[in-house]
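# Breakdown of the fold
Each chain, letter by letter, is given below.
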Amino acid sequence: MATLDKTGPGPEDAPHDGVRRRDFINLAAVSFAGAGAVAVLYPLINQMNPSADVLALASIDVDVSGIQPGQAVKTEWRKQPVFIRHLTPQEIQAANAVDVGSLRDPQTLAERTSEGRPQWLITMGVCTHLGCVPLGAAEGENKGEYGGYFCPCHGSHYDTAGRIRKGPAPINLEVPEYEFTSDTAVRIG
Ligand code: FES
């Protein structure tokens, strides 16, 4: 890149070499650096475009009509487990009876479920401690001391709203984005 010479012309500023040659060398170096930056950026940007199979997994539709109160199912979204749980009235009551202020990650059941559907608890099936899959979604599995989910890796207990109540997990089970497209169908993602 050309630079202003504030000291005025000197012997190195002769038009046939000196500054002009130096300017040319600087310009060549800048152009080279620019080409290098483009070459590095392109693959990075290209990698950020989701591939077709990732786009196909962007959302899933699940028929929840067969999940009875007290049951839960495990499905998969974006290659990670998701728990869909149909809470019983007693489980809803237990979740609502908790003093939210006493929780490690204070959230009400209403904040973790969709409006008017507190009986459907939809969470990621991934422990927020180190990522194990908690137990409690399948029949007969240990639901932990609070009746929700239990992570056997290091002993995290989640309650019937999927909130962390005991053990090392720092926050509640994550609630993915979802919406009910009908009374019996939910779209996750
Ligand atoms: Fe669940 Fe550690 S990964 S308690």
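Residues numbered from 1 in each chain as written. Predicted model: local features only at pLDDT ≥ 70, side-chain atom pairs only at ≥ 80, totals over all residues. Heavy atoms only, no water.

## Some thoughts on the sheet that holds strand E9 (residues 185-188)
Our working definition: Pairing between strands is defined by DSSP: at least two bridges between them are needed. Secondary structure elements follow DSSP: runs of H or I no shorter than four residues count as helices, runs of E no shorter than two count as strands, and numbering proceeds from the N terminus. Axes, fitted as lines to C-alpha atoms, cover a helix only where it is in contact. Angles between the N-to-C directions of the axes lie from 0 to 180 degrees.
Pairing within the open sheet is antiparallel, and its three strands lie in the order E1-E9-E8. Looking at the sheet topology across the chains shown, the edges are occupied by strand E1 (60-63) and strand E8 (178-182). Taking the axes of each pair of neighbouring strands and ignoring which way they run, one obtains an average angle of 30 degrees across the sheet. With four bridges joining them, E8 and E9 adopt antiparallel strand pairing. Looking across to E9, one finds that Tyr178 is bridged to Ile188.

## Topic: the pairing of strand E5 (residues 147-151)
Applicable threshold: When accessible area is computed with a 1.4 Å probe and restricted to protein chains, residues below 20% of their type maximum are described as buried, those above 50% as exposed, and intermediate ones as partly exposed.
Across the five residues of E5, four count as buried, placing the element largely inside the fold. Note: E5 against strand E6 (residues 156-159), four bridges, orientation antiparallel. Looking at the pairing, Gly147 lines up with Asp159 of E6. Taking the residues between adjacent antiparallel strands as the criterion, E5 and E6 are bridged by four residues, where Gly155 takes a positive phi near 80 degrees.

## Notes on helix H3 (residues 89-96)
Spelled out, the test is: By arc we mean the arc of the directions from the helix axis to the C-beta atoms, nothing more. Any two residues whose heavy atoms approach within 4.5 Å are treated as being in contact.
Along H3, the residues classified as buried are Glu91, Ile92 and Ala95. The buried residues of H3 occupy one face: seen down the axis, they fall within an arc of 100 degrees. Opposite its buried face, H3 presents the exposed residues Pro89, Gln90 and Gln93, each directed more than 90 degrees away. Buried positions along H3 lie against strand E3 (80-86) and E5.

## Topic: the confidence of the model for the protein
Where we set the bar: As a per-residue measure, pLDDT tells how confident the predictor is, with possible values from 0 to 100.
Residues with a pLDDT of 70 or more make up 70% of the protein, whose mean pLDDT is 83. Scored below 50 in pLDDT, residues 1-19 makes 14 contacts in the model with residues more than four places away or belonging to other chains. Segment residues 41-46 is flagged for pLDDT under 50; beyond a separation of four residues in sequence, or across chains, it makes zero contacts in the model.

## Concerning the pattern of salt bridges
What counts is decided by this rule: Any Lys or Arg side-chain nitrogen found within 4 Å of a carboxyl oxygen on Asp or Glu counts as a salt bridge.
Counted under the stated rule, the structure contains six salt bridges. Note that Glu91 is salt-bridged to Arg85, the shortest N-O span being 3.4 Å. A relative accessible area of 1% places Arg85 in the buried class. Arg163 is paired through a salt bridge with Asp159; the nearest N and O atoms lie 3.0 Å apart. As far as burial versus exposure is concerned, Arg163 and Asp159 are alike and both buried. A single network of salt bridges, built from pairs that share partners, joins Asp159, Arg163 and Arg165.

## A short note on the packing of aromatic side chains
As a reminder of what qualifies: In summary, the pairing rule links any two rings of Phe, Tyr or Trp, Trp by its six-membered ring, whose centres are within 6.5 Å, and it sorts them by plane angle into stacked for under 30 degrees, edge-to-face for over 60 and tilted for everything else. Here, a charge over a ring means that NZ of Lys or CZ of Arg falls within 6 Å of the ring centre while also lying within 35 degrees of the ring normal.
Applying the stated rule across the entire model yields three aromatic pairs. Ring centres of Phe83 and Tyr149 lie 4.7 Å apart, and the angle between their planes is 25 degrees; on these two criteria the pair is classed as stacked. Note that Phe83 is positioned in strand E3 and Tyr149 in strand E5, a separation of 66 residues in sequence. Like Phe83, the residue Tyr149 is buried in the burial classification. Centre to centre, the rings of Trp120 and Phe180 are 6.3 Å apart; their planes meet at 45 degrees, and the pair counts as tilted. Note that Trp120 is positioned in strand E4 (residues 120-124) and Phe180 in strand E8, a separation of 60 residues in sequence. Comparing Trp120 with Phe180 shows no difference in burial state: the two are buried. Sitting above the plane of the Tyr149 ring, Arg85 keeps its charged end 4.7 Å from the centroid.

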